[in-house]
Amino acid sequence: MSKYTYHSIEDQDQNMKSWFKPKIDPKILKDLTKRKDSPGWINTITYFSILIISGYIAFLTWGTWWALPAFFVYGTIYAFSNARWHEYGHRSVFKTRWLNDFFYYISSFFSYFEPVSWRWSHTHHHSRTIHQEIDYEIQVSRPSNLLDLFFLDLFGIKRVFFEFKKIFLHSLGIMTPVALDCVPENQRSKMIWSSRIFMFIKILVIVWAILIESFLPLMFIVLPNMYGSPIFQLTTMLQHGGLRADTWDHRESTRTFIVNPIHGWLLYFNMQYHVEHHLFPQVPFYNLPKLHKAIKDQLPQPNKGFIRALVEMIPAILKQSKDPHYFISRNLNT
Amino acid sequence: MKQEENNWHLVCNEEEIDMDDLIRFDFENATYCIYKISDGFYATDGICTHEAVHLEDGLVMDGEIECPMHQGIFDIKTGKAKSPPACKDLNIYPVKSEEGKIFIQINS
């Protein structure tokens, strides 16, 4: 457990230790950090194209049994918008800064995140990665809650409910612990108004569904974060699941795994290189494979494949449900 | 000119800083960043005002410095915080170039 008490964003320099950093030539790091617009556009256009095409196919199948696989595909692609929220939030996808912010707001809406509070809580996640009772983005608690992880979270039920409640409270000006701990006071009015706009749009979608007497608007806009969420949830669970908490070395708390380009580059914005992302958050998604090559001799071996990574993680999470101190130990002398 | 005259301190030779890049300069328990951008040399505090993170690995682009940890953005010429999570401005410092050498003025 952490040895200090967290008070507020203004005091967060207190007891801040240095994270482990691998050795890398500063010139190489600077080159990897440089931004371009074209990789971001190629990825963004491809993603939204397949989202629209799969959504159109799902629309055509509505009312038939084909709707089940069609909406599963659409929902899965939609749920991965969460990875977009993350990467645009780091402002590293595009060189043109306003494009990052524009797509950040769009993907925040898609993934049911209020953008102001989440920008702040995510900075917090990078400062205190998997430090219990401090990091608000811990997916696998200690001890792990198997019902949450493999049912309520797997289908996004808890997350969507929690986000809805948080946005609702913030829209009324009631501060939740996340807001109090992560969002500075002078940013809270922005968060309150952003929450009100989000609430208004969500209510509009629900009213639309009622007026046309159809579930379709909800199937396309609100519910994909639930029915389409299992593959995405398992993918993000791999980021830190089963690994060590309360460490100042991302190699111990974070996992890199290798997947195919559709899963990794297209849907997940290369966040499978998660150790590398936490070590150098300024490096854009399209340079993470190069960063991986540059520092891999200082990192634990990545899991080769999505299934292999799950095979490593799930038994560890099962053990953590009974023994909260258990974690997969990483060989750092690679 | 003496290096320490009027609190001017030698940082480095001009060619040691690439265009659109920076160099870190530590002096009396404080850290500064000296930048080379298209219209000259500039200097700011070397630590992000959001958290105690060194800006030396940050990205210099379009006259701004982006913090490497949380991507807060500051204007290099004015030190102004332009994008969250950076909210507090950086201090800026006079910089001059003489005979190919860069100096920063620090009033300690």
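None of these values were measured; they are calculated from a predicted model. (Residues numbered from 1 in each chain as written. Chains lettered and ligands numbered in written order. Predicted model: local features only at pLDDT ≥ 70, side-chain atom pairs only at ≥ 80, totals over all residues.)

A. Structural view of the overall build of chain A. Within chain A one finds 18 helices and two strands. Computed over C-alpha atoms, the radius of gyration of chain A comes to 20 Å, within 12% of the 20 Å expected from 2.2 N^0.38 for 334 residues, which places it in the range of a compact globule. Its C-alpha atoms give chain A principal-axis dimensions of roughly 60 × 45 × 40 Å. Across the 334 residues in chain A, those meeting the buried criterion constitute 41%. (Helix = DSSP H or I, 4+ residues; strand = E, 2+ residues; numbered from the N terminus. Rg over C-alpha atoms; globule rule 2.2 N^0.38 Å. Buried ≥ 20, exposed ≤ 12 C-beta atoms within 10 Å, placed from the backbone.)

B. Representation of the packing of helix α2 (residues 38-61) of chain A against helix α3 (residues 67-79) of chain A. Residues and elements named next belong to chain A. One way to put it is that α2 packs onto α3 with a least axis distance of 8 Å and a crossing angle of 155 degrees. Of the possible angle classes, the one that applies to α2 and α3 is roughly antiparallel. Our pair here, α2 against α3, has a crossing hand that is left-handed. Listed contacts from α3 to Ile50, Leu51, Ser54, Gly55, Ile57, Ala58 and Thr61 of α2 are Ala67, Ala70, Phe71, Val73, Tyr74, Ile77 and Tyr78. Residues of the contact of α2 with α3, tallied by class, amount to eleven nonpolar, three polar and no charged. (Axes fitted to C-alpha atoms, helices over the stretch in contact; angles between N-to-C directions. Parallel < 35°, antiparallel > 145°, perpendicular 65-115°, else oblique. Left-handed = near helix turned anticlockwise from the far one by under 90°. Contact = placed C-beta atoms within 7 Å. Nonpolar A, V, L, I, M, F, W, Y, C, P; charged D, E, K, R; others polar.)

C. Broad picture of unusual backbone geometry. Omega for the peptide link from Arg142 of chain A to Pro143 of chain A comes to -10 degrees, which places this bond in the cis form. One non-glycine residue, Asp20 of chain B, adopts positive backbone phi at about 55 degrees. Considering the arrangement of structural elements, one finds Asp20 of chain B in the loop between β1 (8-13) and β2 (21-27). On the neighbour-count criterion, Asp20 of chain B (16 C-beta atoms within 10 Å) is partly exposed. Even without being glycine, Glu28 of chain B reaches a positive phi, approximately 45 degrees. Tracing the chain through its elements places Glu28 of chain B in the loop between β2 and β3 (30-37).

D. Summary view of helix α5 (residues 97-110) of chain A. Residue and element names in this part refer to chain A. Here α5 is 14 residues long and its end C-alpha atoms lie 20 Å apart, about the 20 Å a rise of 1.5 Å per residue gives. Looking only at α5, the buried set comprises Asn100, Phe103, Tyr104, Ser107, Ser108 and Phe110. For α5, the buried positions fall inside an angular range of 145 degrees around the axis, keeping them on one side. Two residues or fewer past α5, Tyr112 is found with a positive phi of approximately 65 degrees. (Expected span 1.5 Å × (residues − 1). Arc of directions from axis to C-beta.)

E. Spotlight on the sheet that holds strand β11 (residues 101-105) of chain B. Residues and elements named next belong to chain B. With antiparallel pairing, the three strands of this open sheet are ordered in space as β1-β11-β10. What marks the edges here is a single partner per strand, and that holds for β1 and β10 (95-98). On average, each strand axis in the sheet is tilted by 30 degrees relative to the strand beside it, whichever way the strands run. In this structure, β10 lies alongside β11, joined through four bridges in antiparallel fashion. Residue pairing in the sheet places Glu98 in a bridge with Lys101 of β11. (Pairing = 2+ DSSP bridges.)

F. Summary view of the sheet that holds strand β5 (residues 59-61) of chain B. Residues and elements named next belong to chain B. Pairing in this open sheet of four strands is antiparallel, and the strands run β5-β6-β7-β8 from one edge to the other. At either margin of the open sheet sits one strand with a lone partner, and together these are β5 and β8 (81-83). If you compare each strand with its neighbour and ignore which way they point, the axes differ by 30 degrees on average. Relative to β8, strand β7 (residues 73-75) runs antiparallel, the two being bridged by two bridges. The residue bridging Phe74 from the neighbouring strand is Ala81, located in β8.

G. The arrangement of the environment of Pro68 of chain B in detail. If you trace the backbone, Pro68 of chain B turns up in the loop between β6 (64-66) and β7. Measuring from C-alpha to C-alpha, the distance between Pro68 of chain B and Cys48 of chain B comes to 9.4 Å, with 20 residues separating the pair along the chain.

H. Structural context of the interface of chain A and chain B. Chain A puts 19 residues into the contact, and the matching count from chain B is 15 residues. The set of elements that each furnish at least two residues to the side of chain A that touches chain B consists of α1 (26-33) and α6 (115-127) of chain A. Top contributing element to the side of chain A that touches chain B by residue count: α6 of chain A, with five residues. Residue composition of the side of chain A that touches chain B, by class: five nonpolar, nine polar and five charged.

I. Representation of the packing of α6 of chain A against helix α10 (residues 188-211) of chain A within the structure. Residues and elements named next belong to chain A. The interhelical angle for the contact between α6 and α10, taken along N-to-C directions, is 130 degrees, at an axis separation of 7 Å. Overall, the two elements α6 and α10 adopt an arrangement that is oblique. Mapping the contact onto sequence places Pro115, Val116 and Ser117 in α6 and Lys190, Met191 and Ser194 in α10. Taken together, the residues of the contact of α6 with α10 sort by class into three nonpolar, two polar and one charged.

J. How the structure looks around the nonpolar core. All names here are of chain A. In terms of nonpolar packing, the biggest core is built from 36 residues, with Tyr74, Phe80, Ala83 and Tyr268 touching the most fellow members. Of all the elements in the fold, those that place two or more residues in this core are α3, α4 (81-89), α5, α16 (274-279) and α17 (288-295). At six residues, the largest contribution of residues to this core is made by α3. Once residues lying within four places of it in the same chain are set aside, the contact partners of Tyr268 are Phe80, Ala83, Thr235 and His263. (Core = buried A, V, L, I, M, F, W, Y, C linked by C-beta atoms within 7 Å.)

Fair warning: the whole summary comes from geometry, so function is off the table for now.
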